[in-house]
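# Structural overview for review
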Amino acid sequence: MSEYNMQILICGGTGCKASESEEIRNAFTELLNEYGLEEEVQVVMTGCFGFCEKGPIVKMMPDNTFYVHVTPADTEEIIKEHIVKGRQVERLLYRDPVTKTVIHDSKHMDFYKKQIRIALRNCGFIDPESIDEYIARDGYQALGTCLTERTPEQVIDEIKRSGLRGRGGGGFPTGLKWEITAKVPGDQKYVVCNADEGDPGAFMDRSILEGDPHSVIEAMAINGYCTGATKGLVYIRAEYPLAIARLKIALRQAREYGLLGTDILGSGFDFDIEIRYGAGAFVCGEETALIHSMEGCRGEPTFKPPFPSESGFLGKPTNVNNVETYANIPVIINKGADWFCTIGSEKSKGTKVFALAGKINNVGLIEVPMGTTLREVIYDIGGGIRGGKKFKAVQTGGPSGGLLTTEFLDTPIDYDNLTAAGSMMGSGGMIVMDEDDCMVAIAKFYLGFTVEESCGKCAPCRIGNKRLYEILERITEGKGTMEDIDRLQLLGNVIKDASLCGLGQTSPNPVLSSLKHFRNEYLAHVRDQSCPAGQCKALVKYTVIEDKCTGCTLCFRNCPVGAITGEKREVHFIDQSLCIKCGVCFDKCKFGAILVS
Amino acid sequence: MNKITSLADLKKMKDQVQNRLKMRENSDAVETLVQIKVGMATCGIASGAKDTMNFFVEETSHQAIDAVVTQTGCMGFCYAEPTVEVTLPGKEPVVFGHVDKAKAREIIDRYIIKGELVDGMIPMNFKTIHD
């Protein structure tokens, strides 16, 4: 029983750990001992608070003070001032970027105001390495209720009525998926958790596993009860070491409490979970490829049907759901489908977790009700575009998704609206771009990722995407032709139609979507040999503005390839045939005499 | 570690561990709870504010009062230390002086639980920039 007067919560997500939150914890523990306060103040390492931009974050309880950008060196001041004297350390408090006023708790920050946390309910609140804290937050109650008071059919019905859809990107109704697996006969069935999060810039699943691993374990057991599976498998990429470590601890604790194993809660139901490691291949997020990888085969997709529900892991009926989907399940059981239905939009219920990244002020992890508009996410929660620049587009759905431009800023975000707008929900990565981003280069970046990650099994994806990439390369180098633009469109559509799995079918999306919304930029690259955003090096030209050049020779002395000539106090000249467009002359010139065009 | 073998067991377990998170849960909705601020500047600590604070923490948790006990700096009434500011939900804050354990018990039993006025209040006649 805790008789602590105060608690210090420190973010222990991967992001904050990388910025020394572990050292901060150690410093606090040491100092508390030194000051003789170890009996009164408890130090807790929690999961991600979401506001990664401001990390490492330290929260003080019970007064709920929110300290940002804390370093190990700040710990002594926090103890001396905040804990001993009860005075907040003002310089570490969050400052509203617009009004510049100090906000001392998270409730009043714009970043948190519009969020509703269901999947992230315990992230940043409990110690993920303590099953007791999870139980204190109604943990395993849902499993207990299901096992002792409800039939599998009743539970499946509840999930169906909640309208929960797969959070991994596909948006398939979760209850229906469970029902199909439950109905297929089989001597052994499997429940799989897809934790192979692969989109560049997405970290929703990792944060849930790091911050609240028990919620996933509990949901998998409920799924096992509903579908008749006794074995669960978590497929997680080996490059998530912290998530794996916390998951292992959670599994051990659940077994010790008898919440995994045989005869769970005296109901006669047996269930246990094993971990399977992935090598971090994007294609293994596709469920058939994921299953093959778990079987020890090459991570390549196979044709559906048969769906995993019929013939999955080792040929047995297998139910695959994503981490975030699972994290919603215990709450739906505890609070009921009717409650869940009150949140969200008409066809997409509940909330969605997004990883905000790119040219946005508040990079971080957020959870908002379905139907929130992009504008609210980007401007209210995200704090707008970095450096006051102009918003250009946002990429949702990662390399499989598409661009949403200013005209979609007021579109409510849900599965159907995003698809109608030419993008997709995806797993929840949101990369924001500003006026300085070249859309052709961005498309090339995403395509480069899929080319790299293509498993090579089918020709449209393996060869088609490579050719598509080469065309983009030509265009960004200023060697593209008008026919190339048409070819992008044609080839892109063929790849979409002819590829076997989701990776191939969606890989041309960034290209097609940027062509649709930013055709002018493609035309500028081809016709005018210029990159409007000034990002494509080959198309940028550095010249000397003769009126401004004082002949100081600074550019001449700094040019790494000797492309600049000129005498002292005379106008200099850049030889375009030698220039490598490194931009050094532009950076060095003190008179603004270098023109970038 | 003992196994949890039934839903009833699990619920019992929850009741046992729930207290651990109470402080964190309360801190999310401070306005709806009893807020007790103990002046813990040098003068307060020297007059025994630490014991007063510990007493409030133990007693509120013992009597299952939803309260948030925090420390604060010098309130200026150094002649009356230890000073304690109590804010009942929806009421104006009230400051009490010379709060030792006996006084603290009186404040909890009479002011916090029953809402009766208690001797030893210090009239507040200043404003802060937040008012």
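For the structure itself, look to the data block above.
The present account deals with the structure reproduced in this document. Fair warning: this is a prediction, and the values are worked out from it, not measured in the lab. (Residues numbered from 1 in each chain as written. Chains lettered and ligands numbered in written order. Predicted model: local features only at pLDDT ≥ 70, side-chain atom pairs only at ≥ 80, totals over all residues.)

## Structural notes on the pairing of strand S7 (residues 190–195) of chain A
Residues and elements named next belong to chain A. Defined as follows: Any residue surrounded by 20 or more other C-beta atoms within 10 Å of its C-beta is treated as buried, while 12 or fewer makes it exposed and the intermediate range makes it partly exposed; C-beta atoms here are placed from the backbone. Strands are runs of DSSP state E lasting at least 2 residues, helices are runs of H or I lasting at least 4, and numbering of each runs from the N terminus. Strand pairing is defined by DSSP finding a minimum of two bridges between the two strands.
Summarising burial for S7: 6 of the 6 residues are buried, a large majority. Side chains of S7 alternate between two faces, with Tyr190, Val192 and Asn194 and Val191, Cys193 and Ala195 buried alike. Pairing geometry for S7 and strand S8 (residues 231–237), over 6 bridges, is parallel. If you follow Cys193 over to S8, its bridge partner there is Val234.

## Structural notes on the nonpolar core
General note: in soluble globular proteins, nonpolar side chains tend to be found buried as a group. The line we're drawing: Nonpolar cores are identified as sets of buried Ala, Val, Leu, Ile, Met, Phe, Trp, Tyr and Cys residues joined via C-beta atoms within 7 Å. By definition, residue pairs are in contact when their C-beta atoms, positioned from the backbone, come within 7 Å.
Val216 and Ile222 of chain A are the most contacted members of the largest nonpolar core, which totals 170 residues. Examining the composition of this core, we find that 8 residues originate from one element, helix H10 (residues 213–227) of chain A, more than from any other. Not counting residues up to four positions away in its chain, the partners in contact with Ile222 of chain A are Ala142, Leu143, Cys146, Val155, Ile329 and Ile333 of chain A. Listed in part, the 23 residues of the second largest apolar core include Ala41, Val57, Val69 and Ile107 of chain B.

## Some remarks on the packing of helix H7 (residues 152–162) of chain A against H10 of chain A
All names here are of chain A. Put simply, the rule is: Every axis in this analysis is a line fitted to C-alpha atoms, fitted for helices over the stretch in contact. Angles between the N-to-C directions lie between 0 and 180 degrees. By definition in this entry, angles of less than 35 degrees are roughly parallel, angles greater than 145 are roughly antiparallel, angles of 65 to 115 are roughly perpendicular, and the rest are oblique. Two helices cross in a left-handed way if the nearer one is turned anticlockwise from the farther one by less than a right angle. They cross in a right-handed way if the turn is clockwise. Under the convention adopted here, Pro, Cys and the residues Ala, Val, Leu, Ile, Met, Phe, Trp and Tyr are nonpolar, Asp, Glu, Lys and Arg are charged, and Gly plus all remaining residues are polar.
Between H7 and H10, whose axes approach to 8 Å, the crossing angle comes to 120 degrees. Classified by the angle between their axes, H7 and H10 sit oblique to one another. Regarding H7 and H10, the two cross each other, and that crossing is left-handed. Contacts between H7 and H10 involve Pro152, Val155 and Ile156 from the first element and Ile222, Tyr225 and Cys226 from the second. In the contact of H7 with H10, the residues fall into 6 nonpolar, no polar and no charged.

## Examining unusual backbone geometry
Lys304 of chain A connects to Pro305 of chain A through a cis peptide bond whose omega is -5 degrees. The omega torsion of the bond from Glu81 of chain B to Pro82 of chain B falls at -10 degrees, within 30 degrees of zero and hence cis. Looking at the secondary structure, you find Pro82 of chain B in the loop between strand S2 (67–72) and strand S3 (84–87). Positive phi outside glycine occurs at Leu265 of chain A, with the angle close to 50 degrees. One non-glycine residue with positive phi stands out, namely Ala64 of chain B, at about 55 degrees. Looking at the secondary structure, you find Ala64 of chain B in the loop between helix H3 (49–62) and S2. Residue Ala64 of chain B is classed as exposed on the basis of its C-beta count, with 9 C-beta atoms lying within 10 Å.

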